[in-house]
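Analysis of the macromolecular model
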Amino acid sequence: MKIRASRLPLAMVCPASMQAAEYDLNSDSEPARLGTAVHEWLSTRIAHPEQLEFLGDEAFEQLAVKYSLPVDDVRALSLRAVHLWREVQQWFVNPRIEVAMKKDLGGLQLTGHVDVLSYQEATRTVFVNDHKTGWLDSDHADQVRGYGLMALDEYPEADQVRTCITRVRDFVTDHHTYTRMELVGWSERVVHRLVEEKDTYQPGRHCSFCPRRLTCSAFRDWVKWALEILSGSAVVDLQEAVSADLITRVYDAKAAIGRMLDDAQEVLKTLAMANGGVLPREDDFQLQLTSQIRQQILFREAWPLLADRVGQERWNQIFKVSKTELLNAVRSDVGRGEKGKAAQELMAQLEEAGALAETTIERLELRKKQKGVIGGNSDQSY
């Protein structure tokens, strides 16, 4: 069996998820493309540190076009990533970028590409850095342990591995130190889990990211259970303390069901396109693909008519300005090296003119508990 280190977080939770899937899901999702774009931008700057101070608006725009992404997303995450890299780069002397590695564990071959790899001969320590640009989806400790184990083969004289997971969206880093003996012991648990327990299913929130989820009977049974939980009248009793276990189960069920419903919609649309746009049902109805034409008012052409017919007191209610599109237009009209300055000047002018308004929304987000920050004590940082 061969497995990539990036698949270890899912595999260690649910070994059966490693069984061959009939098809691959989400191979070209926007979050995946965004991660690739940010990795590409950051890797170039790490390989060429003399370019680290150059923010490169043109580079962001090129990557946005290349990967069909909003340029603001590429820029924002790239700048966050490079800021975090500046905090840890002192430990990565002569860094190696995108290093391909593999290791035979006996019945299991581990492979992977580590983002940044370095070795300090004086301390006999290997340093591993992995950038994460997505929203929190799993604990990636097993992934970097895998990188560390393979890196020890690259540097046989090393005694220990220090790993750093850069969580770009959360703007924090996770640091851990592993001895050679600890990683060897961990690898034995991996082999036992993935080889000896390969038919073990463990459904949960991680099912949302499994390529086998649409054909997995364990996932179907778990969703059935989740629907019963969510539809019960006594799921949350506001008169009593809500347990952490209940919160975890309800939130995970909600996440998995939401992902499943999105998948079902795409499957049905694909089936309909393959069947002439119509899918018959057992009752008097059928699912049918329809096209909707929506009219859009062109502002430039419409303004002479609207200015006289709509009072100024209603303009803010009716006319909306996209901040993202506005700043993109301003950046595109100036030369290289001036784009960021032009955008900042416009925002300052708008603020001075009282043309900016703020709204606050409440969101319930899943965030990783912070175990330590850069510059913390010796147990949490280099």
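Here the structure is shown first, and the text comes after it.
Figured I'd write up the structure that's included with this text. (Residues numbered from 1 in each chain as written. Predicted model: local features only at pLDDT ≥ 70, side-chain atom pairs only at ≥ 80, totals over all residues. Heavy atoms only, no water.)

As a further point, take the environment of C164. Mapped onto the elements, C164 comes out in strand β5 (residues 160–167). C-alpha separation for the pair C164 and H175, spaced 11 residues apart in sequence, amounts to 4.7 Å. (Helix = DSSP H or I, 4+ residues; strand = E, 2+ residues; numbered from the N terminus.)

Okay, empty space enclosed by the protein next. Under the criterion given, the structure shown has one cavity of 30 Å³ or more. Empty space within the largest cavity amounts to approximately 100 Å³. Taken together, 15 residues make up the lining of the largest cavity; nearest its centre are C14, C207, C210, C216 and F219. Taken together, the residues of the lining of the largest cavity break down into 10 nonpolar, three polar and two charged. (1 Å grid on protein atoms, 1.4 Å probe; cavity = no way out; pocket = protein on both sides within 12 Å on 5 of 7 lines; lining within 4 Å. Points joined across faces, edges and corners; volume = space filled by probe spheres on them. Nonpolar A, V, L, I, M, F, W, Y, C, P; charged D, E, K, R; others polar.)

Here we take up the nonpolar core. By size, the foremost hydrophobic cluster in this structure holds 35 residues, and its most contacted members are L117 and V126. Elements that contribute at least two residues to this core include exactly α1 (8–13), β2 (96–104), β3 (109–120), β4 (125–132), α5 (141–154), β5 and α6 (180–196). Examining the composition of this core, we find that seven residues originate from one element, α5, more than from any other. Excluding its chain neighbours within four sequence positions, the residues that come into contact with V126 are L117, S118, Y119, A151, L152, Y155, A158, Q160, V161 and R162. Listed in part, the 25 residues of the second largest apolar core include V38, I46, L63 and V168. (Core = buried A, V, L, I, M, F, W, Y, C linked by side-chain atoms within 4.5 Å. Buried < 20%, exposed > 50% of the residue type's maximum accessible area, 1.4 Å probe, protein only. Contact = heavy atoms within 4.5 Å.)

At their nearest, the axes of helix α3 (residues 57–66) and helix α4 (residues 71–88) sit 8 Å apart, and the two run at 125 degrees to each other. One element, α3, and the other, α4, form an angle in the oblique class. Crossing of α3 over α4 shows right-handed handedness. Between α3 and α4, the contacting residues are D57, F60, E61, L63 and A64 on the first element and V71, V74, R75, S78 and L79 on the second. Residue composition of the contact of α3 with α4, grouped by class: six nonpolar, one polar and three charged. (Axes fitted to C-alpha atoms, helices over the stretch in contact; angles between N-to-C directions. Parallel < 35°, antiparallel > 145°, perpendicular 65-115°, else oblique. Left-handed = near helix turned anticlockwise from the far one by under 90°.)

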